[in-house]
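Here is what each chain is made of, one letter per residue.
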Amino acid sequence: MTTTHDDLTRYLTASQALAETATEVEELARSGAVESYRRQLDLLGRRLQTNPRAFREMFISDGMGAVAAEFRQPELSQEFTKTLWASLLAGNDASMVLMRFVWNLPLGAKRKFIRALDTYLSDRYPVFKGLSVNWPAGASIPPYIRTPDERSADFELVNQGYLGYMNIGYTQREVDLLVWLEALRDKQCADKPCQLGELLAGRKEPRGGCPVQVAIPDMMQLLGTGHFREALDLIESINPLPNVTGRVCPQELQCQSVCAHSGRPIEIGQLEWFLPQRDRVVDPDGNIARYANTPDPWELAVKPPVAIVGSGPSGLINAFLLAADGHPVTVFESFHRLGGVLRYGIPEFRLPNTLIDDVVEKITALGGRFVTNFVVGKTATLAELKGAGFSHIFVGSGAGLPRFMNVPGEHLLNVMSANEFLTRVNLMQGHRADYETPLPECRGRSVMIVGGGNTAMDAARTARRLGGKVTIVYRRTRQEMPARVEELAHALEEGIELAPLRSPSEFCGDDRTGFVRSAVLDVMELAEPDASGRRRPVATGISETVDVDLVIMALGNSANPIIRDSEPSLTVTTAGALELTEGSQATSIDGVYSGGDAARGGSTAVKAAGDGQAAAREIRDASLLPAEQIREMVVGAKRFTDMASAPNTIVERRELQPNIVELTVNAPVIAKNAKAGQFVRVLAEPQGELVPLTLADWDAEAGTIVLVVQGMGSTSKMINAMQVGDRLEGIAGPLGQPSELHQIPADQTVVFTAGGVGLPPVYPIARENLRLGNHVTLIAGFRSADLLFWVGEGERVDELQATFGDQLDVIYTSNDGSFGIEGFVTVPLKDLLDANQRGEGRQIAEVTTIGPPMMMRSVSDLTKPYEVKTVASLNSIMVDATGMCGACMVPVEVGGRLVRKHACIDGPELDSHSIDWDKFLPRFGLFKAQEQQSKVKHGWV
């Protein structure tokens, strides 16, 4: 410790030195050299203010010289590496220069840089650990993937991409640099195999490559030099769905399959997906700002309007490109939510719905219109769309009908298609407590997935998240499975079992409940390759029986016939897909184009996107029309779009009986095309379930339809509680086949048996028969006189009698005898049949029965011995009601063989004598327990 005397001495000494220095500085300040220095410094300051970039570049240049010198050393030092990384993290102009500098280094120098990161920064960034081993060919920075324990019980995203690292504490800039490091692996191959593929002898299409021709090498160069925004602009100029295709495209079969780094291909798909996601983080309102000043193409009316059928990958890219080119476009989607297979088929743990919404937002910002609950081929035909003013149509409606194996026991409850299962979960959110759609019970149950593709993986992993004990049954080995390698690996990591070389030959059920209980599996072996190039599975003669509570069939799809059947001039392939002109996306109908699964019969999202892109180019090139004609077309197409988008508002409500309500609802396009015997699919509210309701009546001029709803479950009770002015969330239709009408001889009659609320669907069919000149006998049954409706003076049945007189005979029955004949509708029907046997009365030409399932069966059983044609109208369990889900299966015997028919495609009217009622009736109890739980939850019981 210093003393007071020492401190005083040091102070006096320092003061003397300071005084002497000040004197010297004052004398030197008057010298010529210092005066010159001051003038130069002042000039430098003024130049720095007027042209700062020149000095910044000069200083950066000097700094880069020092960086270059460091890179000439045998290895980078720890101090330099950390300083360099800190400079890169700054995210300023100097960082950009450094990124460009490293990108342009020779491979040896880049390896030196990676070794330094591995050596000095891997403690801070574990993803750098071991990165230098076999870099760049065999080492990369992977995207962030949640662990199996974290992800297997929820529906959050599994592969979270590079931005997923932000969830464990990395900054946005750090993530940018991880992506930059992955881009540094790129070799800038001159022949661009990742983009163009490899041409092989004997093949029409190249092996690998990008179906939408994203300029991948150019994207890599922009990423490698730090130009992230420019890289996104480049991709979106070619493919507006990079955040979708980057997620679900099988890159291992496309761009990455021909990557020069065959051991560890560059993460091209993840880089594509990263860019739009990064843009969302950096600029959340970027889409709105980017398209804010886009003129409305409907107002400009300088290019002809285009209709796009389906909002899947092919339809969305087609709509975006045409809207960006100035075309007024309307996308017609059969579901109430947009995205097609991207939304109903792919779970959110693989493809978040926000990515679909992002694309829809862009199209909307460009002036595109969307019409939901519109089933092209039913709500309107392709010809009607063209007649409305659309110059061209792109059909991207998807593949359609799910395939089954047609083995014994497929009719059992809880044997369903993957389409149905995934739609109930993904689209209808049935796994959430606040949604109404019922799901089969999975928790703690044995779930079998039959199939080996991506859909099988999606179904298996979904069932696992719902608590199921899941096994994938596949008739070949793991090596032959067509599923993406990543998806299969994730499924196995999540605890899903794989049973290879097994194929179901029969499903066995509980005779009392009708539910599946076990499966008989044939043990297979592989023989010679088949047409697919994979070894053909053959049965060994050995089988095994396993317990199972739920079977999900994921065997692919066949073509949906709705559009095909609505356009006789539309040429299709032998498989039922739309046939295209060679080298084009054009169909056999002028101005109609197609792509994706509708034309391919089953493919990938990125190939579908490529088809939509190619069709957009063709439509653009074929759109040279006179200006006045274009304006007229735009007016017509806009009018039709507005009419199709009209809200389904209740305009009239009548309470027919307690718990039975008649609703008149605004639905102009449906009313215009409705026919007797058809039905509609109704969504009451956003979180509700889809239910089929028969069309009781319609008024094309007023644009309304009539629905009669009996409150049975939660949804029907909810609908019955709605009032005039309320709006149903969506109505799709008219669906199903209309009644087959034909004239009968004057001495014959068409008999209708209507039980309770079976009267409303019978009414329009009977009316059309009367209009056709046929004699009609209506047998209407009610439980009691207290439940009568539509039969009083001035009501619908009375009006029919007043209009058609003796052409209509009406017979009423009641269970308790309080009105009409005592008993069921079968009592007077048997009297008529017996009279016919005696040669008395009008001969019955045919019988149509609509009402409670047991009543329809009784009518069918009664008429069968008399050999009288009998038709039953079936509103079975349905989800989409367009054939896509396969839920409304009806077991029908044809030629001594049990086959599947679907009420929504083949019906709703089917030959009742061919229906296996013992196998069909239990289907109405499929979700009985879930429906009861829902009613309890809502206080309906």
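Shown above is the structure to which this text applies.
Below: a short report on this structure. (Residues numbered from 1 in each chain as written. Predicted model: local features only at pLDDT ≥ 70, side-chain atom pairs only at ≥ 80, totals over all residues. Heavy atoms only, no water.)

**Looking at the nonpolar core**
The biggest cluster of nonpolar side chains holds 98 residues, and the ones touching the most others in it are Phe71, Phe113, Phe128, Leu181 and Met219. Take this core: its biggest share by element is seven residues, from helix α8 (residues 172-183). Leaving out residues up to four positions away in the same chain, Phe113 has contacts with Phe71, Leu76, Leu84, Leu88, Val102, Trp180, Leu181 and Leu184. One finds Leu728, Phe752, Val762 and Phe804 within the second-largest nonpolar core, a separate group that totals 52 residues. (Core = buried A, V, L, I, M, F, W, Y, C linked by side-chain atoms within 4.5 Å. Buried < 20%, exposed > 50% of the residue type's maximum accessible area, 1.4 Å probe, protein only. Helix = DSSP H or I, 4+ residues; strand = E, 2+ residues; numbered from the N terminus. Contact = heavy atoms within 4.5 Å.)

**Description of unusual backbone geometry**
The amide bond that connects Gly733 to the next residue, Pro734, takes the cis arrangement and shows omega of -5°. Along the polypeptide, Pro734 turns up in strand β21 (residues 730-735). Between Gly907 and Pro908 the backbone carries a cis peptide bond, its omega angle lying at 15°. Tracing the chain through its elements places Pro908 in the loop between β29 (897-902) and β30 (909-911). Located in the positive-phi region is Trp790, a residue other than glycine, with phi close to 65°.

**Concerning the sheet that holds strand β16 (residues 679-683)**
Taken in spatial order, the three strands of this open sheet run β17-β16-β21, and their pairing is antiparallel. What marks the edges here is a single partner per strand, and that holds for β17 (690-694) and β21. For this sheet, the mean angle separating the axes of adjacent strands, direction not counted, is 25°. By the bridge criterion, five bridges tie β16 to β17 in an arrangement that is antiparallel. Bridged to Val680 within β17 is Leu693. (Pairing = 2+ DSSP bridges. Axes fitted to C-alpha atoms, helices over the stretch in contact; angles between N-to-C directions.)

**Overview of the packing of aromatic side chains**
Counting across every chain of the model gives 23 aromatic pairs. Between Phe228 and Phe274, the aromatic rings sit 6.2 Å apart at their centres with planes inclined by 70°, giving edge-to-face as the arrangement. With Phe228 in helix α11 (residues 228-236) and Phe274 in helix α13 (residues 268-282), this residue pair connects regions lying 46 residues apart in the sequence. Among the residues examined, Phe228 registers a relative accessible area of 4% and is labelled buried. On the numbers, 5.8 Å between centres and 80° between planes, the contact of Phe782 with Phe789 is edge-to-face. Neither Phe782 nor Phe789 differs from the other in exposure class; each is buried. A cation over a ring is seen here: Arg767 above Trp698, with NZ or CZ 5.6 Å from the ring centre. (Phe/Tyr/Trp six-rings, centres within 6.5 Å; stacked < 30°, edge-to-face > 60°. Lys NZ or Arg CZ within 6 Å of the ring centre and 35° of its normal.)

**What to know about the side chain of Ser566**
Tracing the backbone through its elements, the reader meets Ser566 in helix α23 (residues 562-566). What Ser566 contacts, discounting residues up to four positions off in sequence, is Gly377 and Thr381.

**Some remarks on the sheet that holds strand β18 (residues 697-699)**
Strand order in this open sheet of five strands is β18-β19-β15-β14-β20, and the pairing throughout is antiparallel. Two strands in the sheet have a free side with no partner beyond their single neighbour: β18 and β20 (727-728).

**Some points on empty space enclosed by the protein**
Where empty space is left in the structure can be found by rolling a water-sized probe over the atoms. All told, the structure shown has six cavities of 30 Å³ or more when counted by the stated rule. Of the voids in this model, the largest cavity is the one considered here, and its volume is about 130 Å³. Considering the residues around the largest cavity, the lining is formed by 16 residues, among which Asp186, Cys189, Cys194, Cys259 and Ala260 are closest to the centre. Sorting the residues of the lining of the largest cavity by element identifies α9 (193-196) and α10 (216-224) as the ones contributing at least two each. A per-element tally of the lining of the largest cavity places α10 first, with three residues. Its residues placed into classes, the lining of the largest cavity shows 11 nonpolar, two polar and three charged. (1 Å grid on protein atoms, 1.4 Å probe; cavity = no way out; pocket = protein on both sides within 12 Å on 5 of 7 lines; lining within 4 Å. Points joined across faces, edges and corners; volume = space filled by probe spheres on them. Nonpolar A, V, L, I, M, F, W, Y, C, P; charged D, E, K, R; others polar.)

**A word on α11**
Of all the positions in α11, only Phe228, Ala231, Leu232, Ile235 and Glu236 are classed as buried. Along the axis of α11, the buried residues cluster in a sector spanning 125°; they form a single face. (Arc of directions from axis to C-beta.)

**Description of the pairing of strand β4 (residues 392-395)**
Where burial is concerned, the two faces of β4 agree: the one with His392 and Phe394 and the one with Ile393 and Val395 are both buried. Of the pairings in the sheet, the one linking strand β1 (residues 306-309) to β4 comprises four bridges and is parallel in character. Paired with Val309 across the bridge in β4 is Val395. Pairing geometry for β4 and strand β13 (residues 592-594), over three bridges, is parallel. Bridge pairing links Phe394 to Tyr593 in β13.

**What to know about the pattern of salt bridges**
Considering all chains together, one arrives at 49 salt bridges under this definition. Lys303 is paired through a salt bridge with Asp325; the nearest N and O atoms lie 3.1 Å apart. Here the residue Lys303 occupies a position in the loop between α15 (297-300) and β1, and Asp325 occupies one in the loop between α16 (313-324) and β2 (329-332), the gap between them amounting to 22 residues. Of the residues examined, Asp325 reaches a relative accessible area of 25% and is grouped as partly exposed. A salt bridge links Asp642 to Lys638; its shortest N-O distance comes to 3.3 Å. Here Asp642 and its partner Lys638 are both found in helix α26 (residues 627-644), four residues apart, which amounts to about one turn of the helix. We classify Asp642 as partly exposed; its relative accessible area is 34%. Residue class for Lys638 comes out partly exposed when judged on its relative accessible area of 29%. Through salt bridges that share partners, Arg229, Asp233, Glu236, Asp279, Arg280, Arg290, Asp358, Glu361 and Lys362 make up one connected network. (Salt bridge = Lys/Arg side-chain N within 4 Å of Asp/Glu carboxyl O.)

**What to know about a nonpolar patch on the surface**
Side chains of Val936, Trp940 and Val941 sit close together on the surface and give an oily, nonpolar patch of about 290 Å² of accessible area. As for its position among the elements, Trp940 is in the segment after α34 (928-938). (Patch = residues over 30% accessible without salt bridge, like charges linked within 9 Å, V, L, I, M, F, W, Y side chains within 5 Å. Areas by Shrake-Rupley, 256 points an atom, 1.4 Å probe, with all protein chains shown as cover.)

**Some details on the environment of Pro734**
Looking at Pro734, the relative accessible area reads 0%, which means it is buried. Residues Pro734 and Ile670, 64 residues apart in the sequence, show an inter-C-alpha distance of 5.7 Å. Ignoring any residue separated from it by four or fewer positions in sequence, one finds Pro734 in contact with Lys378, Thr379, Ile670, Asn673, Ala674, Gln678, Phe679 and Leu695.

**Considering the pairing of strand β12 (residues 550-553)**
Because side chains alternate across β12, one face comprises the buried residues Leu550 and Ile552, and the other comprises Val551 and Met553, equally buried. Where strand β5 (residues 415-417) and β12 come together, three bridges link them in parallel fashion. Paired with Val415 across the two strands is Val551, which belongs to β12. Looking at chain direction, strand β6 (residues 446-450) and β12 are connected through four bridges and run parallel. Bridging across to β12, Met448 finds its partner in Val551.

**Side note on the packing of α16 against helix α18 (residues 353-365)**
The interhelical angle for the contact between α16 and α18, taken along N-to-C directions, is 30°, at an axis separation of 9 Å. As the angle between them shows, α16 and α18 are arranged roughly parallel. As for the relative orientation of α16 and α18, their crossing is left-handed in sense. Packed against α16, whose contacting residues are Leu316, Ala319 and Phe320, the element α18 presents Ile356, Val359, Val360, Lys362 and Ile363 at the interface. Of the residues contributing to the contact of α16 with α18, the split by class is seven nonpolar, no polar and one charged. (Parallel < 35°, antiparallel > 145°, perpendicular 65-115°, else oblique. Left-handed = near helix turned anticlockwise from the far one by under 90°.)

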